[in-house]
Amino acid sequence: MRIIRPISLFNTLSRKIEPIIPVTPGEVKIYSCGPTVYNFAHIGNLRTFLFQDLLKRTLLAAGYQVRHCMNVTDVEDKIIRDSQGELPEDATNEARHEAMKALTDKYTVFFLEDLDAMRILPPSVMPKATDHIGPMKDLIQSLMDKGLAYEREGSVYYRIAGFPAYGCLAHLDREGMQSGASVDMDEYEKDQAQDFVLWKAAKPFEPTWDSPWGPGRPGWHIECSAMGMEILGDRVDIHTGGVDLVFPHHENEIAQSEGALGHPWVSTWVHGEFLMVEGEKMSKSLGNFFTLRDLVEKGFDPVTFRYAIQSNHYRKLINFSFEGLKAADHSLKRIRAFRRRMEEVVPGTWEETGESAPRLEKARTDFWAAMGDDLNTPEALAAIFTLISDLNALDDRVALTRKERDAVLEFLDETDSIFSAWPHEAASLDAEIEALIAARKEARDTKNWAESDRLRDQLKSMGIILEDRKDGSVGWRKA
Ligand code: AMP
Ligand code: ZN
């Protein structure tokens, strides 16, 4: 039988650390607010996606199955601003959609490259907002039918006075609620200042969709409710995002989804803290940001950035610094060197010491106790470093047997399936070789003989002998 370890998380809704009890036993459904693809993500945004990956990988390593949906916001004010500038005033709606798609397709590719470079597991489903306009309109219509939404001059607004639970996530006092923060520029016809827009009436020079309320486009909040309910269903276990999304975005998602469903939608809301720069939130508008590509240009490995972020608790602010990256690099080198030592062939025959097993057992218990307690990564990593010190000291006195080392390596694999930063080096070497062989095949297929020869020589210098097989495939062996 599969063992499932208990995991608790801080639920923004209750302000308490609570155990995750999925609606479908053994399977956790997670919805994450994804990127708005009009430019490169900055590393502050990437911190949020790394926290989501940490959560997902922890649940997987704990024995759960995970169904993860992360949307891509590909229609939004800034996307429209940055994609329509080159078009003539009389451009057709089709041309406007195409220009918007060209911009968002481009930055979606860069975003996926960033995820891959940081070893973030791809979501199970990644819906684009523009592919789900139908369900958004249906949801808006059902809110209107329930008296929770109303139309004004081609726009549709949510009537928050009709949803008594409004404010439950952000713990707002309804009487004293500030109106300023959530007001959109074009929301001048609302019944109440806090009512938020579900459907935005067409403005000149914007791409639009037809709707029962006239041409327009969906508001940002309705996107996530509609896609989340369509893809994950009426009961979602965990919803994630950065802390800036608690209000108004997630508060509005609750109003929309629960207003339509008539029952709770998400059990646990989990929010990751900001990445800061000199005491301020890293953001595009402040101009104090770096992209992952900036870090790579300065010689840092994206996996070092991953570790620098994940070695901090996800609910604590992090001040970004290059010194922090260097410290992360140093810690990683220690874990990797230990791993190499454990992988080395043990000379001679040794008796089992019987001393490593209890230390390993304690490390595993401490590691899981920490991860299960709201993803306490600093403590989980401390358990690994304690094991490293203990076993290095032990190994200086009495060499560990192969069996003892294998047990340690198994633990390193288990923890690496979450942190993805200290893989089995032979395995990553194999992946590198396979990639070079694939590149050589492509060079040969396109009759680029010079490149094909160069790659064969490169593989040869790595001690790899290629074997061209009769069926056209290529095998390899170490010389
Ligand atoms: P966006 O692409 O602007 O929709 O943002 C994507 C995600 O990045 C959201 O979940 C935000 O909460 C998050 N985010 C934005 N700025 C930061 C920051 N400085 N640190 C951590 N997360 C951030
Ligand atoms: Zn969202």
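Values in this document were obtained by computation on a predicted structure and should not be read as measured data.

Details of the domain arrangement of the protein
Then, in step 1: Examined at the domain level, the protein breaks down into domain 1 (8-272), domain 2 (292-419) and domain 3 (431-478).
Then, in step 2: Of note, the centres of domain 1 and domain 3, computed from C-alpha atoms alone, are 46 Å apart.

Observations regarding the coordination of the zinc ion (ligand 2)
Then, in step 1: Taken together, Cys33 (SG), Cys224 (SG) and His249 (NE2) make up the full set of protein donors to the zinc ion (ligand 2), lying 2.0 to 2.2 Å away.
Then, in step 2: Here the donor residues for the zinc ion (ligand 2) map to a single chain with the spacing C-x190-C-x24-H. Residue cysteine 33 is found in the loop between β3 (27-32) and α1 (43-61), and its partner cysteine 224 is found in helix α5 (residues 220-232); the two are separated by 191 residues along the sequence.
Then, in step 3: Given the relative accessible area of 1%, cysteine 224 is considered buried.

Remarks on the sheet that holds strand β13 (residues 318-319)
Then, in step 1: Taken in spatial order, the three strands make up an open sheet running β12-β11-β13, and their pairing is mixed. One side of each edge strand has no neighbouring strand; the edge strands of this open sheet are β12 (280-281) and β13.
Then, in step 2: Where strand β11 (residues 275-277) and β12 come together, two bridges link them in antiparallel fashion. Residue methionine 276 lies in a different strand from β12, and its bridge partner there is lysine 281.

Observations concerning the side chain of threonine 58
Then, in step 1: Among the secondary structure elements, threonine 58 is positioned in helix α1.
Then, in step 2: Take threonine 58: its relative accessible area is 0%, and that puts it in the buried class.
Then, in step 3: Residues contacting threonine 58, with those up to four places away along its chain left out, are Ile7, Trp368, Met371, Leu375 and Ile418.

What about the site of ligand 1?
Then, in step 1: Near ligand 1 you find 16 residues, and of these Gly44, Thr48, Asp244, Leu275 and Met282 are the closest.
Then, in step 2: Taking glycine 44, its main chain carries an N or O atom lying 3.0 Å from a nitrogen atom of ligand 1.
Then, in step 3: The side chain of asparagine 45 places a nitrogen or oxygen atom 3.1 Å from an oxygen atom of ligand 1.
Then, in step 4: In isolation ligand 1 offers 500 Å² of accessible surface; the protein chains occlude 88% of this area.

A few points about the sheet that holds strand β10 (residues 266-272)
The strands that make up a sheet are held in pairs by hydrogen bonds between backbone atoms, and each pair lies either parallel or antiparallel.
Then, in step 1: Pairing is parallel across the open sheet formed by four strands, whose spatial order is β4-β3-β9-β10. Two strands lie at the open edges of the sheet, namely β4 (65-70) and β10, each paired on one side alone. Here the average twist between neighbouring strands, direction ignored, is 25°.
Then, in step 2: Sheet analysis places β3 next to β4, joined by six bridges and oriented parallel. Each bridged residue has a counterpart across the sheet, and for lysine 29 the counterpart in β4 is arginine 67.

Structural notes on the packing of aromatic side chains
Then, in step 1: Per the counting criterion, the structure on display carries 19 aromatic pairs.
Then, in step 2: Centre to centre, the rings of tyrosine 158 and phenylalanine 163 are 6.5 Å apart; their planes meet at 80°, and the pair counts as edge-to-face.
Then, in step 3: Overall, phenylalanine 163 belongs to the buried group, its relative accessible area being 10%.
Then, in step 4: Taken together, a centroid distance of 5.3 Å and an interplanar angle of 80° make the contact between phenylalanine 290 and phenylalanine 322 edge-to-face. Of this pair, phenylalanine 290 sits in the loop between β12 and α7 (292-297) while phenylalanine 322 sits in helix α9 (residues 322-343), and the two are 32 residues apart along the sequence.
Then, in step 5: Put simply, the rings of Tyr307, Phe367, Trp368, Phe411, Phe419 and Trp422 pair up and form one aromatic cluster.
Then, in step 6: The ring of phenylalanine 10 carries arginine 315 above its face, with NZ or CZ at 4.1 Å from the centroid.

Considerations on the pattern of salt bridges
Opposite charge on two side chains allows them to pair when their charged atoms are near.
Then, in step 1: All chains considered together, the criterion is met by 24 salt bridges.
Then, in step 2: The closest approach of N and O atoms between lysine 78 and glutamate 76, which form a salt bridge, is 2.9 Å.
Then, in step 3: In this structure lysine 78 comes out as partly exposed when scored by relative accessible area, which is 30%.
Then, in step 4: Looking at glutamate 76, the relative accessible area reads 14%, which means it is buried.
Then, in step 5: Here arginine 315 ties to aspartate 374 by a salt bridge, and the two come within 2.7 Å at their closest N and O atoms. Here the residue arginine 315 occupies a position in the loop between α8 (302-310) and β13, and aspartate 374 occupies one in the loop between α10 (356-372) and α11 (377-397), the gap between them amounting to 59 residues.
Then, in step 6: In this structure arginine 315 comes out as partly exposed when scored by relative accessible area, which is 34%.
Then, in step 7: Here the salt bridges share partners, and the residues they tie into one network are Asp77, Lys200, Glu206 and Arg217.

What about the environment of glycine 167?
Then, in step 1: Considering the arrangement of structural elements, one finds glycine 167 in the loop between β6 (155-158) and β7 (197-201).
Then, in step 2: On the basis of relative accessibility, which here comes to 4%, the residue glycine 167 falls in the buried class.
Then, in step 3: Look past the residues within four positions of glycine 167 in its chain and what remains in contact with it is Leu172 and Glu251.

Section: the pairing of strand β9 (residues 236-242)
Then, in step 1: Counted residue by residue, β9 has seven buried out of seven residues, so it is predominantly covered.
Then, in step 2: Judged from the six bridges that link them, β9 and β10 form a sheet pairing that is parallel. Looking at β10, one finds that glycine 242 is bridged to glycine 272.
Then, in step 3: As for the winding sense of the linkage, the β-α-β connection from β9 through helix α6 (residues 246-261) to β10 is right-handed.

The rules behind each value
- Residues numbered from 1 in each chain as written.
- Chains lettered and ligands numbered in written order.
- Predicted model: local features only at pLDDT ≥ 70, side-chain atom pairs only at ≥ 80, totals over all residues.
- Heavy atoms only, no water.
- Domains from an automatic or database assignment.
- Donors = N, O, S within 2.8 Å, 3.2 Å for Na, K, Ca; no water.
- Helix = DSSP H or I, 4+ residues; strand = E, 2+ residues; numbered from the N terminus.
- Buried < 20%, exposed > 50% of the residue type's maximum accessible area, 1.4 Å probe, protein only.
- Pairing = 2+ DSSP bridges.
- Contact = heavy atoms within 4.5 Å.
- Near = heavy atom within 4 Å.
- Polar contact = N/O pair within 3.5 Å; in protein donor to acceptor, adjacent residues only side chain to side chain.
- Areas by Shrake-Rupley, 256 points an atom, 1.4 Å probe, with all protein chains shown as cover.
- Axes fitted to C-alpha atoms, helices over the stretch in contact; angles between N-to-C directions.
- Phe/Tyr/Trp six-rings, centres within 6.5 Å; stacked < 30°, edge-to-face > 60°.
- Lys NZ or Arg CZ within 6 Å of the ring centre and 35° of its normal.
- Salt bridge = Lys/Arg side-chain N within 4 Å of Asp/Glu carboxyl O.
- Right-handed = clockwise from strand over helix to strand, strands pointing away.

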